[in-house]
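Each chain, letter by letter, is given below.
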Amino acid sequence: MCGEEKVNIRRAGQDDGAHLAALAKALWPKQDQEVLRQEMAELCTQREAALFLAECGAQAVGFAQCQLRRDYVEGTHSSPVGYLEGIYVCPALRGRHVGLQLLKACENWARTMGCLEFASDCTIENTGSQAFHQKADFTQAARIVCFTKRL
């Protein structure tokens, strides 16, 4: 997949819903792909959200979803904050800086939206995501344990 061909990063639009949904399904396998397609297409129309596609030729090989968060974001001191909601790169292209390119596109978008800070999260057991965030110069803000209870 992709060989030595350059990977192109571009802002996704509503017409990219199927490509985005297929990649999002790989990231969030428990989600329904049609629901993901609808959500991705809708996000493409929202002013405070952006989706970026990584393409190798005509093939979508990765995506990133970012949004503005105006509520409290752990470890930040301004509002709004650009927030990486999800990022995925096909396994065959990992280690080629595609994820970092997608992240940079998200960060640049957040700057244009007036953000001074950018944040993200991952589950405590997702060591691959933690390594990506450290490589991308994120600083760990906190480790938390969340609880729920049925009422």
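For the structure itself, look to the data block above.
Bear in mind the structure is a predicted one, so any value in this text is a computation, not a measurement.

About the thresholds
- Residues numbered from 1 in each chain as written.
- Predicted model: local features only at pLDDT ≥ 70, side-chain atom pairs only at ≥ 80, totals over all residues.
- Heavy atoms only, no water.
- Core = buried A, V, L, I, M, F, W, Y, C linked by side-chain atoms within 4.5 Å.
- Buried < 20%, exposed > 50% of the residue type's maximum accessible area, 1.4 Å probe, protein only.
- Helix = DSSP H or I, 4+ residues; strand = E, 2+ residues; numbered from the N terminus.
- Contact = heavy atoms within 4.5 Å.
- 1 Å grid on protein atoms, 1.4 Å probe; cavity = no way out; pocket = protein on both sides within 12 Å on 5 of 7 lines; lining within 4 Å.
- Points joined across faces, edges and corners; volume = space filled by probe spheres on them.
- Nonpolar A, V, L, I, M, F, W, Y, C, P; charged D, E, K, R; others polar.

A.B. asks: Give me the nonpolar core: which residues, what numbers.
C.D. replies: Counting 44 residues, the largest nonpolar core has Leu20, Leu51, Phe52, Phe63, Leu102, Trp109 and Phe118 as the members making the most contacts within it. Sorting the residues of this core by element identifies helix H1 (17-27), helix H2 (33-43), strand S2 (49-56), strand S3 (59-69), strand S4 (81-89) and helix H3 (98-112) as the ones contributing at least two each. Counting residues per element, this core draws most heavily on H3, which supplies 8 residues. Apart from the residues within four sequence positions on either side, Leu51 is in contact with Arg10, Arg11, Ala12, Leu20, Met40, Leu43, Cys44, Phe63, Ala64 and Gln65.

A.B. asks: Which residues make up H1, and what values go with them?
C.D. replies: Three or more residues of H1 are buried, namely Gly17, Leu20, Ala21, Leu23 and Ala24. Lining the buried residues of H1 we find H2, S2, S3 and S4.

A.B. asks: Summarise the layout of surface pockets; cite the residues concerned and give the values.
C.D. replies: One simple way to see leftover space: roll a probe sized like a water molecule over the atoms. Of the voids in this model, the largest pocket is the one considered here, and its volume is about 840 Å³. In terms of lining residues, the largest pocket is bounded by 28 residues, among which Ser120, Asp121, Cys122, Ala141 and Ala142 are the most central. For the lining of the largest pocket, the class distribution of residues is 13 nonpolar, 9 polar and 6 charged. Looking at the second largest pocket, its volume works out to about 620 Å³. Taken together, 28 residues form the lining of the second largest pocket, with Ile87, Tyr88, Gly128, Ser129 and Phe132 sitting closest to its centre. Looking at the lining of the second largest pocket element by element, the count peaks at 7 residues for S4. When the residues that make up the lining of the second largest pocket are grouped by side-chain class, the tally is 12 nonpolar, 10 polar and 6 charged.

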